[in-house]
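Notes for the structure review
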Amino acid sequence: MKQRDISFLDLKSVTELHGDEIRSAINKVVDSGWYLHGECTRQFEEDFAKYIGTKYCIGVGNGLEALSLILRAYKELGKLKDGDEVIVPANTFIASVLAITENNLIPVFAEPRLDTLVIDDSAVEALITERTRAIMIVHLYGRCSYTTRIGELCNKHNLLLIEDNAQAHGCRSNSSSHRSISENDSSFFIPHSSFPRTGSLGHAAGHSFYPGKNLGAMGDGGAVTTDDLELAEAIRSLGNYGSSAKYVYKYKGENSRLDELQAAVLDVKLRHLDEDNARRQQIAAHYYDNISNPHVTLPVRLPDANNVYHIFPVLCEERDKLQSFLKERGIQTLIHYPVAPHQQECYKEYSHLSLPVTERIHREELSLPMSPSLTIDDAKYVAECINEFML
Ligand SMILES: Cc1ncc(COP(=O)(O)O)c(C=O)c1O
């Protein structure tokens, strides 16, 4: 087998997939002389809301601010208060937890399932107390983590359901408990299914457009999607210094906005998101069909609609050896993530917690190369190298 050089994610080649359209969109913004709060942002918000299947989309500065503004707005609206508990998967990226703690709310860590790597819905009910007010589900790695049971728990206990959709743009839920979105006016986005998209399943969702995401900007960007007008208005105001009208301040707000350049780039990439995700699904299918090393465990395979493969994680007891073995063969892998939030220095107050499934995932997880610019030959080489790995 001839050695190849495969990076984990080659952002330059991902950009080049739609390079001409992106450059032309950027040039239009440059020539317009209008860089914030303009037509590109308005248009992207409209297109993204339509794509996700919600009434409202508010562009914000990044994914952390999207999540944090949702919680802050609920506090301003009297639906959350200091000390309320928010259930969150323990193996999420730190930002989900930061959004909770920076609002003086208490994160309650739920274990994930070892086979799906997302929140274990059977572990959630036992965590609900009289102070629980919300569940934040995280569609980690691009995998839909919503289940009927989670929806039912939220209804039964009157909890807010917040989605962290940073890693799952374009993913859908096939849970039968959910409404279908109206697709009359969205044929542009080739909706081959009537299943609702992640980002439209709960009361509100936070999205990140960090460059490496499935829908990635060329810098920072984020958005909130929701059907709740009151919440949407509060978030728009909070992200604009708390302003309700020009120079009138209802809240002590902050500055969190999506700029025109990022919005223009995102609108181009949104048009290609389904095709880019389909490419990721082809690469993933190759991994699933061809990786057969008994020392390497692949997460349970979901129908394509329910996984947009932001990251392709595998588990291996000798994760570090596997990573070096692949590196020697020219394959770059990453770890998402080496240390769980409750074991981070900044969360010392949670270091006593024992979360064995989470801790095992953090010890064993390795992320294989995955992007829409990867070729099937690349995926073939990765699978062959993994199959050669021996302990
Ligand atoms: C699951 C998850 N939540 C939140 C974020 C935060 O997004 P951002 O980097 O745009 O602040 C990220 C990504 O970085 C993420 O992966």
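Residues take numbers from 1 onward in each chain, read along the sequence in its written order. It should be noted that, the model being predicted, local features are given only for residues of pLDDT at least 70 and side-chain atom pairs only at 80 or more, the latter also being counted only at that level, while totals for whole chains, interfaces and linings use all residues. Side-chain calculation: all heavy atoms of the structure are included, whereas hydrogens and water are not.

1. So, the site of the ligand
Every residue lining the ligand is accounted for by Asn-62, Gly-63, Leu-64, Phe-93, Ala-95, Val-138, Asp-164, Ala-166, Gln-167, Ser-208, Lys-213 and Tyr-337. For this analysis, a polar contact is any N or O atom pair within 3.5 Å, provided that within protein one partner can donate a hydrogen and the other can accept it, and provided that sequence-adjacent residues contribute only side-chain to side-chain pairs. One nitrogen or oxygen atom from the side chain of Gln-167 is found 2.8 Å from an oxygen atom belonging to the ligand. Here Ser-208 contributes a side-chain N or O atom positioned 2.7 Å from an oxygen atom of the ligand. Protein chains shield 90% of the accessible area of the ligand, which is 380 Å² for the free molecule. Nearness here has a simple test: a residue counts as near a molecule or strand if at least one of its heavy atoms is within 4 Å of that partner. Each accessible area value is a Shrake-Rupley result obtained with a 1.4 Å probe; residue values ignore everything except the protein chains displayed when judging cover.

2. Observations regarding the nonpolar core
What we call a nonpolar core is a set of buried Ala, Val, Leu, Ile, Met, Phe, Trp, Tyr and Cys residues that are connected through their side-chain atoms within 4.5 Å. When accessible area is computed with a 1.4 Å probe and restricted to protein chains, residues below 20% of their type maximum are described as buried, those above 50% as exposed, and intermediate ones as partly exposed. Counting 33 residues, the largest nonpolar core has Leu-71, Tyr-74, Met-136 and Ile-235 as the members making the most contacts within it. Under the scheme used here, helices are H or I runs from DSSP no shorter than 4 residues and strands are E runs no shorter than 2 residues, and both carry numbers assigned from the N terminus. Taken together, the elements giving at least two residues each to this core come down to strand S1 (56-60), helix H4 (63-76), strand S2 (85-89), helix H5 (94-101), strand S4 (132-138), strand S5 (160-164) and helix H7 (229-238). By residue number, the principal contributor to this core is H4, which donates 7 residues. Residue ranges labeled as domains rest on an automatic or database domain assignment. In terms of domain composition, this core takes at least three residues from each of domain 1 (13-271) and domain 2 (272-388). Each residue touching Leu-71, except ones within four places of it in the same chain, is listed here: Leu-80, Ala-99, Ile-100, Asn-103, Leu-105, Met-136 and Ile-162. Counting 26 residues, the second-largest nonpolar core is a separate cluster that includes Tyr-309, Val-314, Leu-368 and Ala-379. We call two residues in contact when some of their heavy atoms are within 4.5 Å.

3. Comments concerning the packing of helix H9 (residues 273-290) against helix H12 (residues 376-388)
A fitted line through C-alpha atoms serves as each axis, taken over the contacting stretch for helices, and the angle formed by two N-to-C directions is quoted from 0 to 180°. Running from amino to carboxyl end, H9 crosses H12 at an angle of 30 degrees, the nearest separation of the two axes being 9 Å. Classified by the interaxial angle, the pair formed by H9 and H12 is roughly parallel. By crossing handedness, the relation of H9 to H12 is classed as right-handed. For the pair formed by H9 and H12, the contact residues are Arg-279, Gln-282, Ile-283, His-286, Tyr-287 and Asn-290 on the first element and Ile-376, Ala-379, Lys-380, Val-382, Ala-383 and Asn-387 on the second. Looking at the contact of H9 with H12 residue by residue, the classes come out as 6 nonpolar, 4 polar and 2 charged. For classification purposes, angles smaller than 35 degrees are called roughly parallel, those larger than 145 roughly antiparallel, those between 65 and 115 roughly perpendicular, and all remaining angles oblique. In a left-handed crossing the near helix is turned counterclockwise from the far helix by less than a right angle, and in a right-handed crossing that turn is clockwise. By the convention adopted, Pro, Cys, Tyr, Trp, Phe, Met, Ile, Leu, Val and Ala count as nonpolar, Lys, Arg, Asp and Glu as charged, and the other residues, Gly among them, as polar.

4. A word on the sheet that holds S5
At least two bridges found by DSSP between two strands is the condition for calling them paired. Strand order across the open sheet formed by 7 strands is S1-S7-S6-S5-S4-S2-S3, with mixed pairing between neighbours. Both outer strands of the open sheet, S1 and strand S3 (106-110), are each paired with one neighbouring strand and no more. Between one strand axis and the next, the sheet turns through 20 degrees on average, direction left out of account. Sheet topology note: the S4/S5 ladder contains 5 bridges and is parallel. Pairing of Ile-137 across the sheet is with Glu-163, part of S5.

5. Things to note about the packing of helix H3 (residues 39-52) against helix H8 (residues 260-271)
Helix-helix packing: each pair is described by the crossing angle between the helix axes and the interaxial distance. Remark: H3 packs on H8, axes separated minimally by 8 Å, with the N-to-C direction vectors making an angle of 35 degrees. Viewed along their axes, H3 and H8 form a crossing whose handedness is left-handed. Side by side, H3 and H8 meet where Glu-39, Cys-40, Thr-41, Gln-43, Phe-44, Asp-47, Phe-48 and Tyr-51 of the first sit next to Glu-260, Ala-263, Ala-264, Leu-266, Asp-267 and Leu-270 of the second. Tallied by class, the residues present in the contact of H3 with H8 amount to 8 nonpolar, 2 polar and 4 charged.

6. Concerning the packing of aromatic side chains
Any pair of Phe, Tyr and Trp rings, taking the six-membered ring for Trp, is counted once the centres come within 6.5 Å. Such a pair is stacked with planes under 30 degrees apart, edge-to-face with planes over 60 apart, and tilted for the rest. Under the definition given, this model contains 11 aromatic pairs. With centroids separated by 5.3 Å and ring planes inclined at 20 degrees, the aromatic side chains of Phe-44 and Phe-48 adopt a geometry described as stacked. Within this pair, Phe-44 and its partner Phe-48 are both found in helix H3, separated by 4 residues, close to a single helical turn. There is no split in this pair, since Phe-44 and Phe-48 are both buried. An angle of 65 degrees between the planes, with centres 6.5 Å apart, marks the rings of Tyr-288 and Tyr-309 as edge-to-face. Taken together, the residues Tyr-288 in helix H9 and Tyr-309 in the loop between H9 and strand S10 (312-315) connect sequence positions 21 residues apart. Tyr-288 gets classed as buried once you look at its relative accessible area, which sits at 14%. Among the aromatic residues, ring-to-ring pairing joins Tyr-287, Tyr-288, Tyr-309 and Phe-312 into one connected group. Lysine NZ or arginine CZ positioned within 6 Å of the ring centre and within 35 degrees of the ring normal marks a charge as sitting over the ring. Sitting over the ring of Tyr-51, Arg-197 keeps its end group 3.9 Å from the ring centre.

7. A few points about the domain arrangement of the chain
Domain annotation of the chain identifies domain 1 (13-271) and domain 2 (272-388). Taken together, the contact between domain 1 and domain 2 spans 48 residues of the former and 42 residues of the latter. Buried area adds together the accessible area that both of two parts lose upon being put together, with accessible area traced by a 1.4 Å probe. It is Tyr-141, Arg-143 and Asn-214 in domain 1 that bury the most area against domain 2; as a group they hold 20% of the surface buried on that side. For this analysis, a salt bridge means a side-chain nitrogen from Lys or Arg found within 4 Å of a carboxyl oxygen belonging to Asp or Glu. The interface formed by domain 1 and domain 2 contains 1 salt bridge. Of the charged contacts, one joins Arg-197 and Asp-274 as a salt bridge, the two residues approaching to 3.5 Å between their closest N and O atoms. Of the residues assigned to the side of domain 1 that touches domain 2, the class counts are 24 nonpolar, 14 polar and 10 charged.

8. Brief notes about helix H2 (residues 19-32)
Between the first and last residue of a helix there are one fewer steps than residues, each counted as 1.5 Å, and that sum is the expected span. Taking 1.5 Å of rise per residue, the 14 residues of H2 would be expected to cover 20 Å, and the 20 Å separating its terminal C-alpha atoms lies within 8% of that figure. Among the residues of H2, Gly-19, Ile-22, Ala-25 and Val-29 are the ones counted as buried. For H2, the buried positions fall inside an angular range of 135 degrees around the axis, keeping them on one side. Residues of H2 that are exposed and point more than 90 degrees away from the buried face comprise Asp-20, Lys-28 and Asp-31. Looking at the buried residues of H2, the elements they touch are helix H1 (11-16), H3 and H8. A positive backbone phi angle near 75 degrees is found at Gly-33, which sits one or two residues after H2. The arc in question is traced by the directions running from the helix axis to the C-beta atoms.

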